[in-house]
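# Observations on the model geometry
Residues per chain, in single letters:
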Amino acid sequence: MKQTPILRRRMAGDSYTFLMKELEKVDETILEPLSATEWPRDMPVITGGGLVENIAAIDVTYASTGMDDDNLFFEAANDIPVIQADMTKAVARTFNFAEYMAINVMEREKMIQIGRDPETFLNKGIRLHCDKVLDRNAYVGFRKVSSWGLCNNPNIIRSSASRNAAATSTRWTDKTADEILLDINTAISAVWKENDCSADALPNHILIPVEQFGQLVTRKVSDDSERSILTYILENNIATQQGGNLIISPCKWCAGIGTDYTDRMVVYSNRVDRVCFNLTQPLRRMEAEYADMKIKIPYIAQFSEVRFLYPTTVRYMDGI
C-alpha cells in the first residue's frame, strides 16, 4: 500500500506523541491548594454533645443588701445584710454544616486503575472546606445569621491606639518600641482593672495583623540592640511581669476590621472558661447512596457561635 504524504506525516506525528508519552515521568506528588486555618491555636473548643438546638450556660452575679461597712457585726446590731444571687441563662445558637460528594461510578473505576481514587481527593476537599468554615466562625462569624467572632463582636469594649511622639500617627510602623509597648500595656491593664484586678483576668493572648507581627519580628529595639521589638515586648508587658505567659500571634482576620477599616489588636484570655465555641458534632461521613450511576456521600457537622463567657476579659484596640 502506497502511503500519501499526508498519511506519512500523520503516522510520524502519532509516533512522536507515543514516544513522548513513554518518556513522560509522572510526579506522584499531588499539588493541593495552599491554605491555613488557625482557630485551633487561638480559640478553645468544647467537643461533643451530638446534634442539638443550642448551647446554654448559667450566669450568676452576687449582691449584698449592705455596703462593706455594714457587714461589720456588733453586739447591738440587729440589721444583718443578706447575700443575693441573680441567675440568668445565656444561649448560644448552633449551626449545621452539610456537604456531599458525587462520584461517577465509571470514572471512579478508571481512576482507580491508575491509582487515583477520586474519593480520597474529594474527602480532603470537604474536610478543608469545613475547616475554613470553622475558621470564619471563630474569628468573624457569618453575616447571613448575624453572628460574631473573636475579632468583631460589637459588644466588646474598643479603644484607639495612642499617637506617636510626633502626634501624627497611631500606626505601629510610625512608633518606637516603647510606644508600641505602651499600647499593649494599656490594653492589658484596661482588661485587668475592668475585672477587679483579678489574676485570672490577665490576658494571655494577643492577635495582631500579619504586617504588624512582621514589624515586631524584624525591627530592632534600637540601632545598637540585637533584640527585636517582639522580644522586648514579651519580656516587659504587664501580664509577664505578673507571672503570666503572654503570646502574640499573627492573624489575617485582624487587618482592616477595626473602626474606619483600620487594623485591630485583640487582647484576651485564651481559656475555655473565658471564650470558646462548641463543636457538638465533628465532621462525620454518612452512609453512601447509589443512584444514576453515581455514588453520593454526604458529610455533616455542627458547631456553635463563639461564646463570650466573660466579655470583659476581651478588649479591642484599633488603629495599630
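Given the structure is predicted, the values throughout are model-derived calculations rather than measurements.

## Remarks on the pairing of strand E5 (residues 205-208)
Along E5, one buried face is formed by His205 and Leu207 and the opposite face, lined by Ile206 and Ile208, is buried too. Alignment of E5 against strand E6 (residues 247-250), held across four bridges, turns out to be parallel. Each bridged residue has a counterpart across the sheet, and for His205 the counterpart in E6 is Ile247. As paired strands, E5 and strand E7 (residues 264-268) are joined by three bridges and run antiparallel to one another. Bridging across to E7, His205 finds its partner in Tyr268.

## Considerations on the pattern of salt bridges
What the rule picks out here adds up to 11 salt bridges. For the salt bridge of Glu305 with Arg93, the shortest nitrogen-to-oxygen distance reads 3.1 Å. Placement of the pair is Glu305 in the loop between strand E11 (294-304) and strand E12 (307-308) and Arg93 in strand E3 (residues 83-104), with a sequence separation of 212 residues. Residue Arg93 is classed as partly exposed on the basis of its relative accessible area, which comes to 33%. Its salt-bridge partner being Asp183, residue Lys175 comes within 2.5 Å of it at the nearest N-O pair.

## Side note on the packing of helix H5 (residues 177-194) against helix H7 (residues 229-236)
For the pair H5 and H7, the least separation of the axes is 10 Å and the interaxial angle reads 45 degrees. Between H5 and H7, the angle is such that the two are oblique. When you trace H5 past H7, the crossing you get is right-handed. Side by side, H5 and H7 meet where Ala177, Asp178, Ile180, Leu181, Ile184 and Asn185 of the first sit next to Ile229, Tyr232, Ile233 and Asn236 of the second. Each residue belonging to the contact of H5 with H7 can be placed in one class, and the counts come to seven nonpolar, two polar and one charged.

## Remarks on the packing of helix H6 (residues 210-218) against H7
At a closest axis distance of 5 Å, the pairing of H6 and H7 adopts a crossing angle of 90 degrees. Relative to H7, the element H6 lies roughly perpendicular. Contacts from Phe213, Leu216 and Val217 in H6 reach Ile229, Leu230 and Ile233 in H7. Each residue belonging to the contact of H6 with H7 can be placed in one class, and the counts come to six nonpolar, no polar and no charged.

## Here we look at the sheet that holds E5
Pairing is mixed across the open sheet formed by five strands, whose spatial order is E4-E13-E7-E5-E6. Lying at the two open borders of the sheet, with one neighbouring strand each, are strand E4 (158-160) and E6. Between one strand axis and the next, the sheet turns through 20 degrees on average, direction left out of account. Those strands touched by H5 are E5, E6, E7 and strand E13 (315-318), and its axis lies near 150 degrees from that of E13.

## Quick look at the layout of surface pockets
Its boundaries defined by the atoms lining it, the largest pocket holds a volume of some 390 Å³. Looking at the largest pocket, it is lined by 17 residues, and the ones nearest its centre are Val140, Arg143, Trp148, Asn152 and Ile257. When the residues that make up the lining of the largest pocket are grouped by side-chain class, the tally is seven nonpolar, five polar and five charged.

## Details of the packing of aromatic side chains
For the structure shown, the criterion picks out five aromatic pairs. Residues Phe95 and Phe142 carry aromatic rings whose centres are separated by 6.1 Å and whose planes lie at 90 degrees to one another, so their mutual orientation is edge-to-face. Taken together, the positions of Phe95 in strand E3 and Phe142 in the loop between helix H4 (118-139) and E4 put the pair 47 residues apart, joining distant regions of the chain. Here Phe95 falls in the buried class, since its relative accessible area comes to 12%. We classify Phe142 as buried; its relative accessible area is 18%. With 6.0 Å between their ring centres and 70 degrees between their planes, Phe95 and Phe303 make a pair best called edge-to-face. Taken together, the residues span a long stretch of sequence, with Phe95 in strand E3 and Phe303 in strand E11 at a distance of 208 residues. Residue Phe95 shares its accessibility class with Phe303, and that shared class is buried. Over the face of the ring belonging to Tyr310 we find Arg274, whose NZ or CZ atom lies 4.8 Å from the ring centre.

## Some points on the sheet that holds E12
Taken in spatial order, the three strands make up an open sheet running E1-E8-E12, and their pairing is mixed. Since the sheet does not close on itself, it has two edges, and those belong to strand E1 (45-47) and E12, each with one partner. One ladder, built from two bridges, connects strand E8 (residues 275-279) with E12; its direction is antiparallel. Bridge pairing in E12 places Val275 opposite Phe308.

Definitions and cut-offs
Residues numbered from 1 in each chain as written. Predicted model: local features only at pLDDT ≥ 70, side-chain atom pairs only at ≥ 80, totals over all residues. Heavy atoms only, no water. Buried < 20%, exposed > 50% of the residue type's maximum accessible area, 1.4 Å probe, protein only. Helix = DSSP H or I, 4+ residues; strand = E, 2+ residues; numbered from the N terminus. Pairing = 2+ DSSP bridges. Salt bridge = Lys/Arg side-chain N within 4 Å of Asp/Glu carboxyl O. Axes fitted to C-alpha atoms, helices over the stretch in contact; angles between N-to-C directions. Parallel < 35°, antiparallel > 145°, perpendicular 65-115°, else oblique. Left-handed = near helix turned anticlockwise from the far one by under 90°. Contact = heavy atoms within 4.5 Å. Nonpolar A, V, L, I, M, F, W, Y, C, P; charged D, E, K, R; others polar. 1 Å grid on protein atoms, 1.4 Å probe; cavity = no way out; pocket = protein on both sides within 12 Å on 5 of 7 lines; lining within 4 Å. Points joined across faces, edges and corners; volume = space filled by probe spheres on them. Phe/Tyr/Trp six-rings, centres within 6.5 Å; stacked < 30°, edge-to-face > 60°. Lys NZ or Arg CZ within 6 Å of the ring centre and 35° of its normal.

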